[in-house]
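Descriptive structure summary
Each chain is listed here by its residues.
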Protein chains: 2
Amino acid sequence: MSSNRLIYLPLGGAGEIGMNAYVYGYGRANKERLILVDLGVTFPDMDGTPGVDLIMPDIGWLIDNRDRLDAIFITHAHEDHVGAIGLLWNKLQVPVYARPFTANIARRKLEEQGHDPAIVQVIDSYPDMVELGDLSVGFMPVPHSIPEASGVVIDTPAGRVVHTGDFKLDATPVLGDPFVPEMWEEVAKPGIKALICDSTNVFSPLPGRSEASVGPEIQKLVASASGMVVATTFASNVARLQTLARAGIDAGRSVVLLGRAMKRMVGAGVESGILTDFPQTLQPEDVRDIPRENLMLIVTGSQGERRAASAQLARGKYRGISLKEGDLFLFSSKTIPGNEVGVGRIVNALSEMGVDVVDDSSGLYHVSGHANRPDLEQVHAMMKPQMLIPMHGEHRHLRAHVQLGGMRDIPGAIAPNGTMLDLAGRQPRVVDHVETGRTYLDGNVLIGALDGVVRDRMRLALNGSVMVSVIIDEDDEVTGDAWAETKGLPEKGKHKRLLADEIEEAVNDALGRAKRKVISDDDAIEEMVRRATHQVSMDQVGKKPEVTVLVSRLVAE
Amino acid sequence: MSSNRLIYLPLGGAGEIGMNAYVYGYGRANKERLILVDLGVTFPDMDGTPGVDLIMPDIGWLIDNRDRLDAIFITHAHEDHVGAIGLLWNKLQVPVYARPFTANIARRKLEEQGHDPAIVQVIDSYPDMVELGDLSVGFMPVPHSIPEASGVVIDTPAGRVVHTGDFKLDATPVLGDPFVPEMWEEVAKPGIKALICDSTNVFSPLPGRSEASVGPEIQKLVASASGMVVATTFASNVARLQTLARAGIDAGRSVVLLGRAMKRMVGAGVESGILTDFPQTLQPEDVRDIPRENLMLIVTGSQGERRAASAQLARGKYRGISLKEGDLFLFSSKTIPGNEVGVGRIVNALSEMGVDVVDDSSGLYHVSGHANRPDLEQVHAMMKPQMLIPMHGEHRHLRAHVQLGGMRDIPGAIAPNGTMLDLAGRQPRVVDHVETGRTYLDGNVLIGALDGVVRDRMRLALNGSVMVSVIIDEDDEVTGDAWAETKGLPEKGKHKRLLADEIEEAVNDALGRAKRKVISDDDAIEEMVRRATHQVSMDQVGKKPEVTVLVSRLVAE
């Protein structure tokens with residue numbers, strides 16, 4: 001057994017927030033039997049990934065080793081943990097395990113891609129375990145901002161590993177499994193070989209607050225509102241949806257859910273049996289005659305997403321409903337870094353309508369779903385792991401979390417994506433570095449982040465584009481004039497003449513002076529045209545555009 | 001006099017943060033003599049303005065009325081107040097007034113564009129005033145995060161207007177003019193017709209803190225550091241630079257300023273006479289042999305700008321200096337919304353090097369330069385204006401600021417860019433809406449935000465690009481095969497064949513079936529080619545690219 005390894009290999013989520021995918025394995029070196037925990041996505045933006053639809057981990061290593069992979073375990077139904085299961089499952093083709101709510105969402109994703117939803121097997125939580133050769137794996141219920149979130153308990157011949165998943169310590173989570181120290185202590189009883197632990201909130205210095213703490217505040221706010229109330233939060237935070245809806249009903253308001261994700265999540269809650277007393281809601285078309293002071297909308301789009309319900313309401317009407325002066329809009333959510341501008345756009349549009357906006361800056365109407373610094377310390381103390389491997393966080397989070405463990409003399413390792421650790425010894429040991437990266441869903445094609453496709457699009461966005469057509473006749477002579485079109489460039493440059501005309505002149509000049517050897521060589525023509533185009537463009541408009549040259553050679557018929 | 005108007009017209013800065021430009025005028029309707037307060041820029045981003053170099057207000061209205069414009073007053077040297085003076089002065093050609101430090105920076109900007117620096121006239125501050133017909137205008141010193149910031153006192157036959165500029169109430173600003181209530185009260189003595197007031201921090205609930213409060217904390221931090229210390233802040237915050245440098249010297253460290261803006265700002269401080277005892281600094285090449293624990297760098301790039309010193313240090317070496325484990329990096333700055341991702345990139349790169357990063361989350365190492373909510377209330381109480389017009393802020397800030405004034409029964413108006421108010425009566429009155437917008441510096445050309453140039457570039461970035469060349473011979477028949485090139489699109493689609501090949505086939509098919517009438521009409525060919533390209537692309541890669549068609553017609557020679 002001493003030559004066997006217990007490996008940990010993050011393919012996504014370690015060194016970033018989002019796109020979680022963690023490989024565990026046990027066995028002889030490079031023969032380990034493997035499981036995968038989570039297969040999530042991250043979201044593209046105009047800044048680095050314009051036109052991309054979704055970002056997934058590059059699981060090339062796992063595909064190469066899929067004969068060793070026994071199963072995928074999904075900890076919870078957030079997109080950054082389950083989002084890639086539909087698109088990437090086909091490349092792995094192993095059973096997927098999840099608890100009921102998560103399974104419901106995972107199955108929808110598989111079905112959307114034409115796969116059998118029965119691929120996802122629903123299992124009970126700890127102490128029930130799935131036996132997979134040397135490994136025995138079970139879900140440990142943890143509170144988080146979505147129903148039925150789970151840590152993963154992995155028993156191996158080298159000891160017990162606990163992967164926390166995303167979690168918080170919440171004794172009163174409104175919906176689902178509360179934090180029960182006794183359960184954590186029981187899990188820890190045999191001794192924890194390694195704790196693989198959520199790091200996202202390691203910089204939050206105060207203990208996390210309970211989901212139950214926002215209810216009374218939201219109730220007060222809604223009860224005191226005089227116009228229509230609109231509240232937005234993450235659709236997957238079903239406990240919050242219930243709190244919001246309850247506050248509406250208690251204030252004598254009819255409640256409407258707006259946005260597809262809202263209905264999907266509540267539907268999943270009902271179907272999976274965890275949501276039994278969600279307040280009754282109405283359809284938008286059924287509330288036309290209800291006075292606005294008796295209405296409460298719960299809507300998607302807390303992050304300022306342009307197509308979500310909140311953005312559409314901010315722009316005007318959505319499903320027949322519009323906001324007006326005196327209404328109240330509540331962000332029962334935090335703004336994820338990078339989304340500030342989009343959220344600000346909505347707040348300002350609402351301000352222009354005279355709508356009062358309340359956000360989470362007071363700390364009253366939103367709580368995080370992740371363990372803060374003191375909560376992490378509490379977990380370290382409860383679990384007494386032999387080693388601590390921080391996961392889910394940017395490099396700075398992983399680093400700070402290792403330092404936090406160090407204060408308790410727990411050995412740790414910063415292991416960003418692609419770092420293979422062997423946890424079998426007394427300390428984590430780096431045994432390999434695996435190539436990782438990002439796979440993009442671009443339209444309906446999967447491409448690699450480094451394929452150059454998106455880089456080319458960004459260059460077009462920064463520099464603009466010039467297309468030049470050159471025709472060479474049967475005798476290897478230029479025929480007619482070159483033709484240039486520009487796109488994404490100022491029409492006229494400093495001479496106040498059309499830039500396209502200036503480029504055509506320069507290209508024709510160059511072609512006229514070109515030697516026969518150049519004209520007979522497409523690459524040489526391209527190079528010459530590109531140079532002439534760059535020169536004119538820099539001079540006229542101060543930009544060096546992307547140039548495409550189309551050389552057509554006429555052949556004798 | 002009763003038919004004369006006292007107008008206020010923001011062209012930039014009202015309804016946004018950045019790009020300040022405010023017109024004031026007095027006289028008969030549409031004959032008012034005008035002054036402009038500030039002419040700033042705002043910064044482009046990949047999200048909405050890829051490839052743009054700078055964003056300025058569209059001052060078309062002012063250009064149309066420049067025969068009525070008498071002067072430009074610049075309140076302070078931040079880019080969002082002075083940044084467009086070099087690029088737009090030529091369109092206005094009137095004297096520019098500023099205090100010495102601001103004038104120093106404004107002159108550099110004019111010189112860069114080939115204008116005479118003497119255009120900028122240095123004037124003393126209040127009670128000195130410049131007489132311009134019916135108007136009498138003076139600078140009122142206010143504390144801010146840059147030396148010699150000023151409000152503007154505008155005396156008119158209809159009463160005194162005070163435009164605060166960006167300001168805070170700081171009795172101990174380290175450098176420059178402290179807040180002296182007596183001066184504000186003296187300005188207010190004749191009665192304030194209208195207070196036009198900074199609104200950026202209206203949502204900050206606690207009183208603003210003094211610049212002097214960060215000194216002792218920074219000193220403690222630097223003194224306790226064991227490796228090299230690197231600190232970043234806005235270069236224009238010369239008081240902070242002095243505090244940082246002093247903390248370095250006091251800890252026995254040699255101080256190096258890195259980044260062009262640092263040297264420019266300190267240089268302007270020295271040249272304008274406001275900086276008399278800035279600690280001695282060394283050049284990067286002079287510190288090679290100094291142990292790192294005796295070094296302190298003060299560097300540009302607090303907002304994560306890719307080319308600034310901090311980003312370059314995070315990527316590796318800069319001017320021969322590199323960071324390593326045990327060094328300390330201090331962000332003595334806040335992250336402006338929208339810059340979180342860029343700043344995060346630097347922090348994570350530093351984390352990978354083992355550098356300890358300290359930011360402003362503790363509240364110890366940075367203070368804002370703007371008046372917070374209680375400070376604004378204090379100003380309302382001191383100035384007792386007849387009306388309050390909030391400026392410099394997004395719509396939500398302007399709205400909240402009007403509400404704040406309302407609590408003191410001060411009538412106010414939300415006047416976003418383009419709203420012309422007449423302040424001559426007892427209440428502000430909207431008298432006109434003027435077309436405003438944004439002008440882009442794109443390469444070396446000024447273009448309008450709505451010209452479509454940037455929209456085209458964003459479309460290229462989102463959708464990719466296809467160029468198709470079609471040649472029609474002398475007999476109006478298609479000759480040879482159409483040729484397609486793609487850029488920013490996946491090379492192969494779902495058939496695993498080259499997308500460009502598939503497009504060529506589809507286009508050639510369509511051309512082969514086309515009627516003679518289509519072939520004789522360039523627009524009809526274009527439309528047909530575009531449709532065929534879209535169809536193939538949607539089918540193969542799920543995207544609808546931007547299509548450029550180059551139709552060449554051969555002519556009989």
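Up top is the structure these notes are about.
Residues numbered from 1 in each chain as written. Chains lettered and ligands numbered in written order. Predicted model: local features only at pLDDT ≥ 70, side-chain atom pairs only at ≥ 80, totals over all residues. Heavy atoms only, no water.

**Structural notes on the side chain of Glu 32 of chain A**
Residues and elements named next belong to chain A. As for its placement among the helices and strands, Glu 32 is situated in the loop between strand E3 (21-28) and strand E4 (33-37). Side-chain polar atoms of Glu 32 contact the side chain of Arg 5, separated by 2.7 Å. Those residues in contact with Glu 32, other than ones at most four positions away along the chain, are Arg 5, Ile 7, Gly 25, Tyr 26, Gly 27 and Arg 68. (Helix = DSSP H or I, 4+ residues; strand = E, 2+ residues; numbered from the N terminus. Polar contact = N/O pair within 3.5 Å; in protein donor to acceptor, adjacent residues only side chain to side chain. Contact = heavy atoms within 4.5 Å.)

**Thoughts on the environment of Gly 248 of chain B**
All names here are of chain B. With respect to the helices and strands, Gly 248 occurs in helix H7 (residues 238-250). The exposure class of Gly 248 is buried, given its relative accessible area of 0%. When the C-alpha atoms of Gly 248 and Leu 295 are compared, they prove to be 7.7 Å apart, with 47 residues separating the residues in sequence. For Gly 248, the residues in contact, after removing those within four places along its chain, are Val 222, Arg 253, Val 255 and Met 296. (Buried < 20%, exposed > 50% of the residue type's maximum accessible area, 1.4 Å probe, protein only.)

**Re a negative patch on the surface**
A surface patch of negative charge is lined by Asp 45 and Asp 47 of chain A together with Asp 45 and Asp 47 of chain B. Within the secondary structure, Asp 47 of chain B is located in the loop between strand E4 (33-37) and strand E5 (54-57). The exposure class assigned to Asp 47 of chain B is partly exposed, which follows from its relative accessible area of 35%. (Patch = residues over 30% accessible without salt bridge, like charges linked within 9 Å, V, L, I, M, F, W, Y side chains within 5 Å. Areas by Shrake-Rupley, 256 points an atom, 1.4 Å probe, with all protein chains shown as cover. Salt bridge = Lys/Arg side-chain N within 4 Å of Asp/Glu carboxyl O. Lys, Arg positive; Asp, Glu negative; His and termini not counted. Charge placed at Lys NZ, Arg CZ, Asp CG, Glu CD.)

**Brief notes about the interface of chain A and chain B**
In many reports, interface size means the accessible area that the parts give up when they come together. On the chain B side, the residues contacting the 65 residues of chain A number 65 residues. Interface area for chain A against chain B, summed over the two sides, is near 5,200 Å², with a carbon-plus-sulfur share of 58%. A per-residue breakdown of the area chain A buries against chain B is headed by Met 46, Lys 487 and Leu 550 of chain A, which together make up 13% of the total. In this structure, the connection of chain A to chain B is made through four salt bridges. Measuring nitrogen to oxygen at the nearest pair gives 3.2 Å for the salt bridge that ties Asp 356 of chain B to Arg 399 of chain A. Of all the secondary structure elements, the ones that give two or more residues to the side of chain A that touches chain B are helix H10 (340-353), helix H12 (395-406), strand E24 (445-448), helix H13 (453-463), strand E25 (465-472), strand E26 (483-487), helix H16 (522-541) and strand E27 (546-553) of chain A. (Buried area = accessible area lost by both parts, 1.4 Å probe.)

**With respect to the relation of the copies chain A and chain B**
Rotating chain A by 180 degrees and translating it 0.0 Å along the rotation axis places it on chain B, where the RMSD comes to 0.0 Å. This pairing of chains is accounted for by a two-fold axis. (Least-squares fit on C-alpha atoms with pLDDT ≥ 70 in both.)

**Observations regarding helix H4 (residues 100-112) of chain B**
Taking 1.5 Å of rise per residue, the 13 residues of H4 of chain B would be expected to cover 18 Å, and the 18 Å separating its terminal C-alpha atoms lies within 8% of that figure. Trailing H4 of chain B by a residue or two, Gly 114 of chain B shows a phi angle of about 85 degrees, which is positive. (Expected span 1.5 Å × (residues − 1).)

**Focus on the sheet that holds strand E17 (residues 328-331) of chain B**
Residue and element names in this part refer to chain B. An order of E15-E16-E14-E17-E18 is seen for the five strands of this open sheet, with the pairing classed as parallel. Each end of this open sheet is capped by a strand with a single partner; those strands are strand E15 (254-258) and strand E18 (356-358). If you compare each strand with its neighbour and ignore which way they point, the axes differ by 20 degrees on average. Relative to E18, E17 runs parallel, the two sharing three bridges. What sits directly across from Leu 330, in E18, is Val 358. Of the strands in this sheet, strand E14 (229-232), strand E16 (295-299), E17 and E18 are in contact with helix H6 (residues 214-224), which crosses E17 at around 165 degrees. Across the face of the sheet, helix H10 (residues 340-353) comes into contact with E17 and E18 while running at roughly 165 degrees to E17. (Pairing = 2+ DSSP bridges. Axes fitted to C-alpha atoms, helices over the stretch in contact; angles between N-to-C directions.)

**Some thoughts on the pattern of salt bridges**
All told, the structure shown has 54 salt bridges over all chains when counted by the stated rule. The shortest N-O distance in the salt bridge between Glu 79 of chain B and Lys 109 of chain B comes to 2.8 Å. In this pair, Glu 79 of chain B sits in helix H2 (residues 79-82) while Lys 109 of chain B sits in helix H4, placing the two residues 30 residues apart along the sequence. Given a relative accessible area of 26%, Glu 79 of chain B falls into the partly exposed group. With relative accessibility at 14%, the residue Lys 109 of chain B sits in the buried group. Linked through salt bridges whose partners overlap, the residues forming this network are Arg 5, Glu 32 and Arg 68 of chain A.

**Thoughts on the packing of H12 of chain A against H10 of chain B**
Contact geometry for H12 of chain A and H10 of chain B: axes closest at 8 Å, N-to-C directions at 45 degrees. Relative to H10 of chain B, H12 of chain A is oriented oblique. Residue-level inspection shows His 395, Arg 396 and Arg 399 of chain A of H12 of chain A in contact with H10 of chain B, the latter providing Val 347, Asn 348, Ser 351 and Glu 352 of chain B. (Parallel < 35°, antiparallel > 145°, perpendicular 65-115°, else oblique.)

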